[in-house]
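As a plain string of letters, each chain reads:
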Amino acid sequence: MPPSALDRLNRLNLTYPMQFQIQNPASGTPELATHCGVLEFVADEGYIHMPGRLMARLGVQEEGMVLVRSVKLPTATYVKLRPHTTDFLGVSHHKELLEYNFRKFQCLTAGETIAVAEGDRRFYLDLLEARPADAVCTIDTDCEVDFAPPLDYVEPPPRAPAAALAADGTPRFTGVAARMDGKPVEMPAAAAPVGRQGEQPRRPAAQFTGVAVRMDGKPVEMPPPPPTPSPAAAGAGVPGAPKRKIRFDAPKEIGSGASKSTGTAEKGASKEQDKRFTGTQYSLKD
């Protein structure tokens, strides 16, 4: 601003920092205004120097006429910003980036666009909302900052529920299967659920009841059937089976005259043993 503006402001006893409202009277929209501070009073008389973003917002060209008014703005407590590109979401230190760049903006007005820089990169942000007023001061304040989705942000397509997805993540077929020849469609069996709750007891494999045939036409050698146990072996150990008594005869001596008496004595002894024996007898002849 020119030095004469400083003299006029000093006579008005204004408080610092000085804040101004700038309007374009030729725009036809008096409510369209922006706000800023002052850097120094060294401009030529009758001229002020404005940032390009403020001139673009007001639609002012060089050598144009503007209306400057001194105002006192409330301190900012909340602002909502909207990035122009999703590249701003990749910045890991938004807080430090905004604190450093907001030192250049003494005032913020809802509806304008500001630029923040990180090295050689510049990010443009739209100021969608400000509290407690549409125009606020950003000096010495703890301000809450919120972000809206960027302008080029595209919502991801909705994903199908987990029940409608196959193991590889592709959607399952939910239509009706039909064959061109009219025959019934054999649908695969549903897979058993994984986990302890899905464990099912294994069923014994069914015995093969078909006919065995070799590809070379030779006869098939079937394994022999298991041997059938004898009636004695089958009845042994079975509850209720009848017991069988079997005699063990002593060997006879050939040509001996005492064989009869010996046989008679052994016969009597054998009978006595039969009476005392209470178990089950078996014969080796069977």
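Residues numbered from 1 in each chain as written. Predicted model: local features only at pLDDT ≥ 70, side-chain atom pairs only at ≥ 80, totals over all residues. Heavy atoms only, no water.

### Quick look at the sheet that holds strand β3 (residues 67–71)
This is how it is decided: Any two strands between which DSSP finds at least two bridges are classified as paired. Numbering of helices and strands starts at the N terminus; helices are DSSP runs of H or I of at least 4 residues and strands are runs of E of at least 2. Axis definition: a line fit to C-alpha positions, over the contact stretch in the case of helices; interaxial angles, taken between N-to-C directions, run 0 to 180 degrees.
Across the sheet, three strands lie side by side as β2-β1-β3; this open sheet has antiparallel pairing. Of all strands in the sheet, those bounded by a partner on one side alone are β2 (33–36) and β3. With direction set aside, neighbouring strand axes in the sheet form an average angle of 30 degrees. Strand direction decides the pairing type here: strand β1 (residues 19–23) and β2, joined by four bridges, are antiparallel. For phenylalanine 20, the partnering residue across the bridge sits in β2 and is cysteine 36.

### Structural notes on the sheet that holds strand β4 (residues 78–83)
Paired through backbone hydrogen bonds, the strands of a sheet run either parallel or antiparallel to each other. To be explicit about the condition: When checking whether two residues touch, look at their non-hydrogen atoms; a contact exists if any pair is within 4.5 Å.
Strand order across the open sheet formed by four strands is β6-β7-β4-β9, with mixed pairing between neighbours. Strands at the two margins of the open sheet, each flanked by one partner only, are β6 (113–118) and β9 (144–147). Going across the sheet, the axis of each strand differs from the next one's by a mean of 35 degrees, ignoring polarity. One ladder, built from six bridges, connects β4 with strand β7 (residues 121–131); its direction is antiparallel. Bridged to lysine 80 within β7 is glutamate 129. Each of β4, β6, β7 and β9 is contacted by helix α3 (residues 94–101), which is oriented at about 115 degrees to β6, the strand it contacts most.

### Details of the environment of leucine 127
What counts is decided by this rule: When accessible area is computed with a 1.4 Å probe and restricted to protein chains, residues below 20% of their type maximum are described as buried, those above 50% as exposed, and intermediate ones as partly exposed.
Turning to its location among the elements, leucine 127 is positioned in strand β7. Judged by relative accessible area, leucine 127 falls into the buried class, the value being 2%. Filtering out sequence-adjacent residues up to four positions away, leucine 127 remains in contact with Val79, Lys80, Leu81, Leu108, Thr109, Ala110, Gly111 and Glu112.

### Things to note about the pattern of salt bridges
The criterion, for reference: The salt bridge criterion pairs a side-chain nitrogen of Lys or Arg with a carboxyl oxygen of Asp or Glu, the two atoms within 4 Å.
All told, the structure shown has six salt bridges when counted by the stated rule. We note a salt bridge from arginine 53 to glutamate 112, for which the minimum N-O separation is 3.6 Å. Here the residue arginine 53 occupies a position in helix α2 (residues 52–58), and glutamate 112 occupies one in the loop between β5 (107–109) and β6, the gap between them amounting to 59 residues. Given a relative accessible area of 3%, glutamate 112 falls into the buried group. Glutamate 129 serves as the salt-bridge partner of arginine 131, at 3.0 Å between the closest nitrogen and oxygen. When its relative accessible area of 28% is taken as the criterion, glutamate 129 is described as partly exposed.

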